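# Observations on the three-dimensional arrangement
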Amino acid sequence: MSRLGRVLLGSLIPIVVLVIYAFATRSGLDPYYPSMASISSRFSELWLFERVGSDVWPSMRNLAFGYLVAIAVGVPVGLLLGMVVWLHDLLAPLIDFARSVPAIIFIPPLILVLGIGDVSKVLIIALGAGFPLLITTIDGVRKTDRALLDVARAIRLSRRRTIWNIVLPGAAPSIMGGAQTGLQVGFFLLIASEMVGASSGIGYLMMRAQASFDSPTLWAGIVLLSLMGFVLNLLFLAVRNRIIHWHLAMRAVSGSR
Amino acid sequence: MNDLRQPRLVMEAGSKTYYSRNASKEVLAGIDLTVHASEFLSIVGPSGAGKTTLLRCLSGLMPLSSGRIILDGEVLTEPSPVVSVVFQEYSRSLMPWMTVADNVALPLRGRKVPRASVKARVGEVLESVGLSGTERQHPWQLSGGMQQRVAIARALVTQPEVLFMDEPFASVDAQTRLDLEDLTRRLQQERQMSVVLITHDIDEAIYLSDRVVVLSKEPATVREIIENDLGAVRDQISTRELPAFMERRSHVLGLIREIQHAKAVPAELSTSSS
Amino acid sequence: MSRAMRKSILGVAGVVLSLVLWQYLTVGGPLAQTPGLPTASGTFERAVKQAGDPELWSALATTLVVTLAALLIASLLGIGVGLLMGYSKIFSTALDPLVQFLRPVPPVALLPVALLVMGPTSNLAILMAVVTAMWPALVQTLVGVRGVDNVTLDAARAMVLPPLLIQTRIVLLSALPHIATGIRIAASYALLMAIATGILTGAPGLGRSILFAQQAGDSALVFALAVYAGILGLAISQAFSRIEGRLTRDYGPTAEAAAS
């Protein structure tokens, strides 16, 4: 199939869906499904760029802080637990429990203790994103090839350099898996925490619009969140591909996995 | 001739026993072994004889259960800066996230070698193993033989006086194997280092070595040490046609068959009874 | 002492230590009298008391039913579309861009609209759980079908097996461990959304109980219910890991590949 054919075929379903939606809502009278014109005009009213400073930027800042805290805590602690067997055994049941807990559960207690401010949101995101990072770091470190550790000892590499040059890069592909899941969980928790308790943010605005039957705002919010999720993922992939380019290239060379 | 030999690395009554929860297995039993300066020494033995354990103990990677190892007059308890090791599985012993140059430079990290001289030394060893120009590639972009050359370059970059090699050519094709054998012998001659080669290939051991150590198995002891003076310069065709070569080959093969046969009988009995 | 015994003793010690630490911090320590933060013993008492309350059990049952119903639908959808995309080049070309775009979109974005249309009902919870849980089922199925070992396929072709038999017996069976992984992840996503919908909208189930406790400011109850949610999560993930482990053992290529 030619490149053009693939592009056409690939865009067929989205176009058909959009055309059907546009046709079905052309009267603009349905309370739940507004016309595309009213969604796009609401989108540009709200998000280009009137509410960006008040409701998008602070949310993104919380997500960024929470995610950075998750990385800054999850990866070093994961390294430690991956290498110190007794410490891992001591905490294993607690970690197993925490990883099975649906992440949304972090929201109500933290809001009760810390209120609905930025601190509780950053902490909620950090917790939700931190566990996947912690677990994949432990996994990656524990799977370090014994042969490479032998090499490290034979060439008398210091402990610090062994961790930095051998253990961490070897665990990086695994950690990147956790980082991707963690980002998705963090984004979800950001929106969810704004829906539960907040006085600003996209999630808050959407829940308020829901309460007042303002469906164009809801659909404009869906469009915005979809674009944000897509862009966040693209950014993540760009960073990931830089960090573990060797792994991806090696996999492409060996042809499998 | 004997007077010129300087003992470099000595194992005295080296024994190693592995313990698990309810069993113990003696792998090395009272091994006395001397590695001389600038000699090429091969260690052969039937599979499962504990060759790799012996190498791990000799190189300081693993402590002995009893006995000791003396390097240049001092007791060795951990890997020494004047010793290098080439491991068996080249694909697992190189860091896939590093370029060839970074892999080779790794042992110099933390040795306070200036950056410029690191670069020069990496270039020099890569040239001596025939890999100039691959600096910026990653190991997995190279063939198996070339990867093993990278591993050899990494071992040489610290200018070791003793080089251990654990079945280094086991997983490359036959032609590459011959090339790597000649490379190893040439490097040993050029750098006047001691090489201790673990191999299960008797021809390879006799072709390359100045002395061949034959191990018996379960537990490993030194069965015989064969002086193997086939001259300083070896050639894949003419050396292997020498009467002395063929005579020693038959001798070692016979020894190994004897060792395996002696152990085979009780092993068969135990499997049929279980 | 054996390794396994040491591990379990240390594990129990870890749990006990963390509970003692929680109790110390909230009773005499720096976090005493923090509003909204119950003590360990208070939470434990509340959890025990709640166990006698039939409402807790009906909330747990509702959440479990919603989760399993959503998991069933999401698995059928995800595996179905995954198989179509895995087998047919036309379907995969037609759907790939859509999947690439929609996968990173947080399903919770749909929640306000769905709430507007459906109200805070169990069906809303099921819908939200389905749109979240179908992705891992789909993606893992695709990985499984596309990742069938070429040597195995060549061997099957060399034996001149009928194509249908190759597809069902070889491709599907060797994709099975991946599909099981997809269902395990889908199950935890479904539970997450089942509870999240309750917390965010008041749809029935454990989530709603937590929402009400939070609104009443009853922090001991919020923590106690969170513990129950954790136990439910642990039970579901253990159950599906076991199924996955079994299928991986029976149909996986090697133990090592399964571990990675």
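Look up: the structure comes first, before these words.
For clarity, every value in this text was computed on a predicted model and none was experimentally measured. Here the residue numbering is sequential within each chain, running from 1 through the sequence in written order. Note on labels: chains are lettered from A, ligands numbered from 1, in written order. Totals for whole chains, interfaces and linings use every residue, but because this is a predicted model, local features are given only for residues with pLDDT of at least 70 and side-chain atom pairs only at 80 or more, for both listing and counting. No hydrogens and no water enter the side-chain calculation; it runs on all heavy atoms of the structure.

Under the scheme used here, helices are H or I runs from DSSP no shorter than 4 residues and strands are E runs no shorter than 2 residues, and both carry numbers assigned from the N terminus. The number of helices and strands found in chain C is 11 helices and zero strands. Its helices and strands taken in sequence order, chain C reads α-α-α-α-α-α-α-α-α-α-α from the N to the C terminus. Reported as C-alpha extents along the three principal axes, the dimensions of chain C are approximately 75 × 60 × 30 Å. Exposure categories follow from relative accessible area, calculated using a 1.4 Å probe and restricted to protein chains: below 20% of the type maximum is buried, above 50% is exposed, and the middle band is partly exposed. The buried share of chain C, reckoned over its 260 residues, is 47%. When checking whether two residues touch, look at their non-hydrogen atoms; a contact exists if any pair is within 4.5 Å. The contacts of chain C with a sequence gap of at least 6 include a subset with a gap of at least 24, amounting to 69%. With an accessible surface of roughly 12,700 Å², chain C has 69% of that area assigned to carbon and sulfur atoms. Counted as positive: Lys and Arg. Counted as negative: Asp and Glu, with His and the chain ends omitted from the count. A charged residue contributes its charge at one atom only: NZ of Lys, CZ of Arg, CG of Asp or CD of Glu. Across chain C, the mean location of the 15 positive side-chain charges is 4 Å away from that of the 10 negative side-chain charges. The Shrake-Rupley method, run with a 1.4 Å probe, gives the accessible areas here. Residue values count only the displayed protein chains as cover.

Two pairing modes exist for strands in a sheet, parallel and antiparallel, and in both the strands are linked by backbone hydrogen bonds. All names here are of chain B. Read from one edge of the open sheet, four strands run E2-E1-E4-E5, paired in antiparallel fashion. Unpaired on one side and paired on the other, strand E2 (24-36) and strand E5 (74-75) mark the two borders of the sheet. Whether two strands pair depends on DSSP finding at least two bridges between them. Inspection of the sheet shows strand E1 (residues 7-19) paired to strand E4 (residues 66-71) by five bridges, in the antiparallel sense. Residue pairing across strands places Met11 opposite Ile69, the latter belonging to E4.

Looking now at the packing of helix H6 (residues 118-142) of chain A against helix H8 (residues 159-196) of chain A. Residues and elements named next belong to chain A. It is at 7 Å that the axes of H6 and H8 come closest, and there the two elements cross at 155°. By the angle between their axes, H6 is roughly antiparallel relative to H8. In this structure, H6 crosses over H8, and the sense of that crossing is right-handed. Angles shown run from 0 to 180 degrees and are taken between the N-to-C directions of axes, each axis being a line fitted to C-alpha atoms and, for helices, limited to the stretch in contact. Any angle that falls under 35 degrees is termed roughly parallel, while one over 145 is termed roughly antiparallel, one within 65 to 115 roughly perpendicular, and all others oblique. Two helices crossing with the near one rotated counterclockwise from the far one by less than a right angle form a left-handed crossing, whereas a clockwise rotation gives a right-handed crossing.

Right, let's talk about the packing of aromatic side chains for a bit. Each Phe, Tyr or Trp ring, with Trp reduced to its six-membered ring, pairs with another whose centre is within 6.5 Å; inter-plane angles below 30 degrees give stacked pairs, above 60 give edge-to-face pairs, and intermediate values give tilted ones. For the structure on display, the rule yields seven aromatic pairs over all chains. Relative to Phe131 of chain A, the ring of Phe106 of chain A lies with its centre 6.3 Å away and its plane at 15°, an arrangement referred to as stacked. Taken together, the positions of Phe106 of chain A in the loop between helix H4 (85-100) and helix H5 (107-114) and Phe131 of chain A in helix H6 put the pair 25 residues apart, joining distant regions of the chain. Residue classification places Phe106 of chain A among the buried positions, given a relative accessible area of 16%. Ring geometry for Phe230 of chain A against Phe101 of chain C: centres 4.9 Å apart, planes inclined by 45°, an arrangement best described as tilted. Linking Phe230 of chain A in helix H10 (residues 215-243) with Phe101 of chain C in helix H4 (residues 89-102), this pair reaches from one chain into another. Judged by relative accessible area, Phe230 of chain A falls into the partly exposed class, the value being 26%. Residue classification places Phe101 of chain C among the partly exposed positions, given a relative accessible area of 28%. Only Lys NZ and Arg CZ are tested; either one counts as a charge over a ring when it is within 6 Å of the ring centre and within 35 degrees of the ring normal. Here Arg26 of chain A stacks its cationic end above the ring of Phe23 of chain A, 4.3 Å away from the centre of that ring.

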